[in-house]
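Geometric and topological summary
Here is what each chain is made of, one letter per residue.
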Amino acid sequence: MTNRVDIEITSDDAFVFLELKIGAPERAGQLDRYYQLAKRRANGQAVGVLYITPGGKRREPVRSEERAHIVEISWADVAKALRRSATVLLVDHPVRHYLNQFATHINAL
């Protein structure tokens, strides 16, 4: 129960944890534990932790070893990326509408 990762993404080349924060605070050492857990489970794949928060920053300082592996972004950054992705779709494509709708929703987080 100490390491409840929100989302785990694996591929042949990468192993990534996503930690999504909206109202809950970061627990002491949480991202460090997630990074160490990802390294143990990666089986030689590239490892990363994506930390998404309203402000886009963690409370604890990033250790130098983790600097390249823990990425901190805001929900507004995610919304911008979704909107950019939507522009490659045809104007009347339904997925474009859904991407923009979700981007509007999470931009307010």
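It should be emphasised that the depicted structure is a prediction, and the values quoted were computed from it without experimental measurement.

Check the secondary structure of the chain and you find three helices and four strands. When the helices and strands of the chain are read in sequence order from the N terminus, they spell out β-β-α-β-β-α-α. Overall, the chain is about 45 × 30 × 25 Å in size when its C-alpha atoms are taken along their principal axes. Going through the 109 residues of the chain one by one, you find that 32% of them count as buried. Put simply, of all contacts in the chain between residues at least 6 apart along the chain, 48% involve residues at least 24 apart.

Next up on the list: the packing of aromatic side chains. Summed over the entire model, instances satisfying the criterion amount to two aromatic pairs. Summarising the aromatic geometry, the rings of F15 and F17 are spaced 5.2 Å apart at their centres and angled 65° between planes, so their arrangement reads as edge-to-face. Per residue, the accessibility class of F15 equals that of F17, and both read buried. Judged by centre distance (6.3 Å) and plane angle (75°), the rings of F17 and Y34 are edge-to-face.

The rules behind these values
Residues numbered from 1 in each chain as written. Predicted model: local features only at pLDDT ≥ 70, side-chain atom pairs only at ≥ 80, totals over all residues. Heavy atoms only, no water. Helix = DSSP H or I, 4+ residues; strand = E, 2+ residues; numbered from the N terminus. Buried < 20%, exposed > 50% of the residue type's maximum accessible area, 1.4 Å probe, protein only. Contact = heavy atoms within 4.5 Å. Phe/Tyr/Trp six-rings, centres within 6.5 Å; stacked < 30°, edge-to-face > 60°.

Geometric descriptors of this kind do not, in isolation, establish any biological role.
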